[in-house]
Amino acid sequence: MIFYDRLQFAFTISFHYIFPQLTMGLSLLIVYFKWKFLRTKVDMYNDAAKFFMKIFAVNFTLGVVTGIPMEFQFGTNWAKFSELTGGIIGQTLAMEGIFSFFLESAFLALFIFGEKIIGQKLHFITGFLVFLGSWASGYLILATNAWMQHPVGYEIVENGKYVLKNFSALFSNPWLIPAFLHNQFASLVTASFVVAGVGAFYVLRQKNIEHGKIFLKTGVVFGFISSLLVAFPTGDWNAKNVAKYQPASFAAMEGIFETEEAGAEIILVGQPNMVEKKLDNKIAVPNVLSFLTYQNWNAQIPGMDQFTKEELPDNIPALYYSYHIMVGLGTIFIGLLGLAFFFLWRKKLFDIKSLLWGILLLLPFPYIANITGWYVAELGRQPFLVYGLLKTTNGISPTVSSGNTLFTLLGFAGLYLLLGLLFLLLIGKIINDGPKLQKQ
Amino acid sequence: MELFWYITIAIVLSVFFVLDGYDFGTGIIHLFLAKKEKDKQVIAKAAGLFWDFNEVWLVAGGGLLFMAFPTYYASVFSGFYLPLIIVLWLTVFRAIGLEFRSQFKYQMWKDIWDKAFGISSLLLALFFGTALGNIIRGVNLGGVANGISIYEKHYFFLPLWNGSFSPLHENPGVIDWFTLIIGIIAVVTLAIHGANWILLKTNSSINTQLKSLIFKLNTALFILTIFSLIVWFIINPDALLNYAHKPYLIVFPFLYLMGLTGLFFIKRIKKDVHGFYLSSLLIIGGITSSLASMFPIILPSTNQVNESLTIYNTAASEYGLSVALGWGIIGMILVVVYLVVQKRLMAGKIDKMDYGEH
């Protein structure tokens, strides 16, 4: 039963991705706070760096312990996939271990414990190295995923194995850079929302107000810029890649059932009706999708009717919803943060309570947008593990029975429930204690 | 090229067991000997400071194995499905035990995470030792029954145990009396190693007690080692043939022997770090001697139908292995630099240091 293998991977990676999406973005914000402190000598910026370092540390720990199961599962649950493609994606995954995890973990301990021992300048540098390590990790994972989305630089040998033919092709893959930048800016949106959200909480609660204002200011500025960059140019760039390299997935995620001669409409709302092959309760704007994709109002975009069942993703509604949730939330972030940015510029932000509440309440949503974004990539790639080459059904471990997979899936579910509760408890405590408790 | 990556991965995994090994060992000592809160705190910190850095060696070793020997990775990880997933769960418990114990000041909270850290360390040591035992003993590759393979020739699946608990069974389980002995050896070895680490890094009140403990454990280890060798010889009479053919390999068991002998003089060793080096020799010697005895086999087949997995029949393409050599060397140099910088900046006993708030 491949279902349990897929469910286990989907569940464990969704849970895992709660943590790195914060730490990647947050590491940059921490470096910014530390840099600002070194320049201005205002203690509050150092407080901010150290406060978010505590949040970072908890997230990092959980990122590590939930990340190792991802690497292991390639072998445990997807042995056939590992055997056939390990010679290629093993390169980028091994590089991740060597180039980013060592860097990140070696200097994280120094950053957390070492401020008094190593001095302020070195402390800044260790923070920067942690940031570098975490982004290198993102880059190499995206390089791995890019190969699965759009395989390059390989050849197929006897016994069906994929063998590396051109190493540098893995990094000049046209899928990689757009996906990497889109992912990193999205991660920065999450981190900015966390920083701004905690700030909004402090200001609204009338506690640690001065720190709260710094958090808000920083979070809103970084968040507004990065949420724009997520949409344009990186989001646009990715959509064009999907249209070009995975046209069947493009039709499915946009919800285009029928090809329209005079240009495709963009769907805003609607529910895929897989029986009648149409969208129920559709609200759409004509010709916009053609324009966005090809800068031509009448460009033809192949709908799902142009593809066979074998070419189309196997869960079209889930793909469609993931995509529309991601895009919808992204639009809301730009709107809200744009508003906040405007009032910050007019020096009124801290007095507009409704806006502060808005920032606070939206805090969980970038997580949802990031994870649904990954669902778009992964569901869109179906029914393949390696697009066009290796079917998902042909990638699982030949000797692991579904009873064993269900056993471990249930185990992970229980363990991650515990981890999730502990995580909320600890983060709640850190936020409740606030940055002021920091002894200087 | 296969040989180069085999040696590199063996080194990376040995470093993992030396570094994270002291964390496991510290956990074991913590579980049984640390009674006062001050000791518990400082010993947990001795393990907790670098556990994530240490664990990265496992991640890196896994990644390299995946890159260089994908067929082996696929075969072993799916074949040892259950024990590997259980190891993952235990590492989660160990990590959160270490990281979360000092987050709240309630004794109840600390107690539960101390236990999580200690018990998961103990079980991890046992499982890793058992894993080594499995690799030495071999598995029923291809799942042969009545002379016919039911899987592809390089795949297998092991239950946690079978009714007989015997390594001689046609379908041996993960746990049998041979692998269990190796597991216990791993626990004892890592307990010695952890005790040495505590001596090196702390001034805890149990330090004097630890030296005599190391002596006792070492005696036990000596007996267990001889016992396991005899058992191994019974299971596989050809076990030591490699040493007869290639006498220079004897250097690996010699390392083990040096560590074992040296630790009998633990009470006379003045510098704590020397004890730590000796127990590191035990670990490195133990792992490398096991690997050397099988070389170039990396997973023996227990049946006559399918051939054993070797570094040659499981490796990735020559081109891939050579390309990786380029970035691998750069990467390893960087890792050594980090290690030196880190140890330079954070040397000495940790209870004398002021690490500020955490």
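Structure's up top.
Okay, so let's go over this structure.

Each value, and the rule that gives it
Residues numbered from 1 in each chain as written. Chains lettered and ligands numbered in written order. Predicted model: local features only at pLDDT ≥ 70, side-chain atom pairs only at ≥ 80, totals over all residues. Heavy atoms only, no water. Core = buried A, V, L, I, M, F, W, Y, C linked by side-chain atoms within 4.5 Å. Buried < 20%, exposed > 50% of the residue type's maximum accessible area, 1.4 Å probe, protein only. Contact = heavy atoms within 4.5 Å. Patch = residues over 30% accessible without salt bridge, like charges linked within 9 Å, V, L, I, M, F, W, Y side chains within 5 Å. Areas by Shrake-Rupley, 256 points an atom, 1.4 Å probe, with all protein chains shown as cover. Salt bridge = Lys/Arg side-chain N within 4 Å of Asp/Glu carboxyl O. Lys, Arg positive; Asp, Glu negative; His and termini not counted. Charge placed at Lys NZ, Arg CZ, Asp CG, Glu CD. Helix = DSSP H or I, 4+ residues; strand = E, 2+ residues; numbered from the N terminus. Buried area = accessible area lost by both parts, 1.4 Å probe. Polar contact = N/O pair within 3.5 Å; in protein donor to acceptor, adjacent residues only side chain to side chain. Nonpolar A, V, L, I, M, F, W, Y, C, P; charged D, E, K, R; others polar. Expected span 1.5 Å × (residues − 1). Bend = angle between axes of the 7 residues up to and from the residue.

**Observations regarding the nonpolar core**
With 270 residues, the main nonpolar core has Leu26 and Phe215 of chain A together with Phe69 and Trp327 of chain B as its most contacted residues. If sequence neighbours within four positions are ignored, Phe69 of chain B has contacts with Glu2, Trp5, Tyr6, Ile9, Leu64, Ile311, Thr314 and Ala315 of chain B.

**Section: a negative patch on the surface**
A contiguous patch of negative charge on the surface is contributed by Glu258, Glu260, Glu261 and Asp305 of chain A. Following the sequence through the fold, Glu261 of chain A ends up in the loop between helix H9 (247-254) and strand S3 (266-273).

**Regarding the interface of chain A and chain B**
Taken together, the contact pairs 68 residues of chain A with 68 residues of chain B. Carbon and sulfur atoms supply 77% of the area buried between chain A and chain B, which totals about 6400 Å² over both sides. For chain A, the biggest contributors to the area lost against chain B are Phe102, Phe113 and Thr399 of chain A; these three give 12% of the whole. For Glu152 of chain B, the salt bridge goes to Lys80 of chain A, with nearest N and O atoms at 2.5 Å. If you look at where chain A meets chain B, you find 16 residue pairs in polar contact (both at pLDDT 80 or more). Looking at the side of chain A that touches chain B, the elements with two or more residues in it are helix H3 (43-76), helix H4 (79-113), helix H5 (115-118), strand S2 (162-164) and helix H14 (402-433) of chain A. The element contributing the most residues to the side of chain A that touches chain B is H4 of chain A, with 26 residues. Taken together, the residues of the side of chain A that touches chain B break down into 41 nonpolar, 19 polar and 8 charged.

**Overview of helix H8 (residues 209-245) of chain A**
Between its terminal C-alpha atoms H8 of chain A stretches 50 Å, which fits the 54 Å expected from 37 residues at 1.5 Å a residue. Considering bend angle alone, the principal kink of H8 of chain A is centred on Gly235 of chain A and spans about 45°.

**Here we look at the environment of Pro300 of chain B**
Residue and element names in this part refer to chain B. Residue placement: Pro300 occurs in the loop between strand S1 (297-299) and strand S2 (309-310). With relative accessibility at 15%, the residue Pro300 sits in the buried group. Here the alpha-carbon distance between Pro300 and Asn140, two residues 160 residues apart in the chain, equals 8.6 Å. When neighbours within four sequence positions are excluded, Pro300 is seen to be in contact with Ile135, Ile136, Arg137, Gly138, Val139, Leu141, Met294 and Ser308.

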